[in-house]
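Listed below are the residues making up each chain.
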Amino acid sequence: MSLSLILGPGALGRLLALRLAEQAPVTLIGRRPLPPRQALTTPEGETLDRELDCRTTATLTRALAGEAECLHLTTKAYAAEAALAAVADRLRPDLPLVLWQNGFGVQQVLAERWTGPVLCATTTEGAFLAGDDGVVHAGHGRTLIGALDGRHGSLAERLADRLTAAGLPATPVEDIRVRLWHKLAVNAAINPLVARFRIRNGQLRDRPFRPMVEAVIEEVAAIMAAEHIPAPEGGWDCLVWTVVSATGNNRASMLQDVLAGRPTEHAAILGPLLAAGRRHGLATPTLAALHARFDGST
Ligand code: KPL
């Protein structure tokens, strides 16, 4: 059975590890040792616990890494390059990587730098950590997986099938670049505002937050048009408000980071939009103010 390495034991990493481990071997890798017994609370309220093979970046061996079918990189965007560099000397140069980061930046860097196939994944699965030995799968979602240049279709299909069989429905796509921009638009409209005001996603529908979301959407829509990113069906407004409703009770990932005192992904989420705005000479006062609010506070 093929081994999956999962580098980054945050909520998403643990969700993948516990789900995939039901089907095939998994090794979960972090910077520090984790309790091997990890529990998953399902959206239906069941608790499944299991012993995982947990390693640190220092204790991963070349022999074990050599058996892997792929490495899922599930760190935050700002930690991805350093995490991969910490284990790269033990990985096969042709090992496929799957990048699960928010934003759009590190994906291009690693796709250019890594010698093997690089796929990107974007997911709407909701999860949060419950202490050092557990993760709560808060809501079912969908995952899209593909390479930035549209290659490696059969690999994307195989890995999507493995995720689907493990209870995390996934679809291989040829236009992951567009899908990552769509997710970025959603993240930009939700994450900085809920983290700033410490509210759940659904509260964005109410005053005084609704006009703030609308101001973000307006700036994001102009940037996407300038970048020739096709609008989603129904438009940007519809995409954002649909996700706000579907995740109404969620504490978004950036809010979870603020509450836990961790650095936030504001740069990964807002940085590419601000850079694109500058490239096209577009005014982005709302995005810039949100970015400035978090920059320096982390
Ligand atoms: O992906 C998310 C996140 O929390 O980062 C959203 C879509 C905002 C849902 O909470």
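All values reported here derive from a predicted model rather than from experimental measurement. (Residues numbered from 1 in each chain as written. Predicted model: local features only at pLDDT ≥ 70, side-chain atom pairs only at ≥ 80, totals over all residues. Heavy atoms only, no water.)

Undergrad: Would you mind going over the side chain of H72 in detail, with residue names and values included?
TA: Inspection of the secondary structure puts H72 in strand β6 (residues 68-73). H72 gets classed as buried once you look at its relative accessible area, which sits at 2%. Each residue touching H72, except ones within four places of it in the same chain, is listed here: S4, L5, I6, L7, L16, L20, V98 and W100. (Helix = DSSP H or I, 4+ residues; strand = E, 2+ residues; numbered from the N terminus. Buried < 20%, exposed > 50% of the residue type's maximum accessible area, 1.4 Å probe, protein only. Contact = heavy atoms within 4.5 Å.)

Undergrad: Residue-level account of the packing of helix α6 (residues 176-197) against helix α8 (residues 235-246), with values.
TA: Between α6 and α8, the least distance of the axes is 10 Å, while the angle of their chain directions is 65°. For the crossing formed where α6 meets α8, the hand is right-handed. Of α8, the residues touching α6 (which contributes H182, A185, V186, A189 and I190) are W236, L239, V240, V243 and V244. Of the residues assigned to the contact of α6 with α8, the class counts are 9 nonpolar, 1 polar and no charged. (Axes fitted to C-alpha atoms, helices over the stretch in contact; angles between N-to-C directions. Left-handed = near helix turned anticlockwise from the far one by under 90°. Nonpolar A, V, L, I, M, F, W, Y, C, P; charged D, E, K, R; others polar.)

Undergrad: I'd like a rundown of the packing of aromatic side chains, residues and numbers included.
TA: The tally for this structure, following the rule as stated, stands at 2 aromatic pairs. Seen in terms of ring centroids, F197 and F209 are 5.2 Å apart; in terms of plane orientation they differ by 50°. Their pairing is tilted. Here F197, found in helix α6, pairs with F209, found in helix α7 (residues 209-226); they are 12 residues apart in sequence, far enough to count as distant. Relative accessible area serves as the criterion here: at 27%, F197 is assigned to the partly exposed category. (Phe/Tyr/Trp six-rings, centres within 6.5 Å; stacked < 30°, edge-to-face > 60°.)

Undergrad: Could you give an account of the UniProt feature "domain: Ketopantoate reductase C-terminal" (unreviewed entry) in the protein chain, naming the residues involved and the relevant values?
TA: What UniProt calls "domain: Ketopantoate reductase C-terminal" (unreviewed entry) maps, in this numbering, to residues 175-292. The span residues 175-292 shows a helical share of 69% and a strand share of 0%, and its end C-alpha atoms are spaced 31 Å apart. (UniProt positions renumbered as here; feature names shortened; annotations may be inferred.)

Undergrad: Requested: an account of the sheet that holds strand β5 (residues 53-56), with residues and values cited.
TA: Read from one edge of the open sheet, 8 strands run β5-β2-β1-β6-β7-β8-β11-β12, paired in mixed fashion. Each edge of the open sheet carries a strand with a single partner, namely β5 and β12 (170-172). The average undirected angle you get between the axes of adjacent strands in this sheet is 25°. With 3 bridges joining them, strand β11 (residues 143-146) and β12 adopt parallel strand pairing. Paired with L144 across the strands is T171, a residue of β12. Along the sheet, helix α4 (residues 106-113) makes contact with β6, β7 (97-99) and β8 (118-123), crossing β8 at roughly 160°. (Pairing = 2+ DSSP bridges.)

Undergrad: So what about the pattern of salt bridges? Which residues, and what values?
TA: Under the definition given, this model contains 16 salt bridges. R37 is the partner of D49 in a salt bridge, and the nearest nitrogen-oxygen pair spans 2.9 Å. Of this pair, D49 sits in strand β4 (residues 47-51) while R37 is found in strand β3 (residues 37-41), placing the two residues 12 residues apart along the sequence. Accessibility expressed as a relative area gives 41% for R37, which makes it partly exposed. Put simply, R37, D49 and E51 are held in one network by salt bridges that share partners. (Salt bridge = Lys/Arg side-chain N within 4 Å of Asp/Glu carboxyl O.)

Undergrad: If you had to explain helix α3 (residues 80-87) to someone new, which residues and values would you point to?
TA: What sets the pattern is the α-helix's 3.6 residues per turn: residues three or four places apart point alike. Taken together, the buried positions of α3 are A80, A83, L84 and V87. Looking straight down α3, one finds that the buried residues subtend no more than 95° of arc, so they occupy a single side. Away from its buried face, by an angle of more than 90 degrees, α3 presents the exposed residues A82 and A85. Contact partners of the buried residues in α3: β1 (3-7), β6, β7 and α4. (Arc of directions from axis to C-beta.)

Undergrad: Could you give an account of the UniProt feature "domain: Ketopantoate reductase N-terminal" (unreviewed entry) in the protein chain, naming the residues involved and the relevant values?
TA: UniProt's feature table lists "domain: Ketopantoate reductase N-terminal" (unreviewed entry) at residues 5-149, given in the numbering used throughout. Secondary structure content for residues 5-149 is 21% helix and 35% strand, and the end C-alpha separation is 24 Å.

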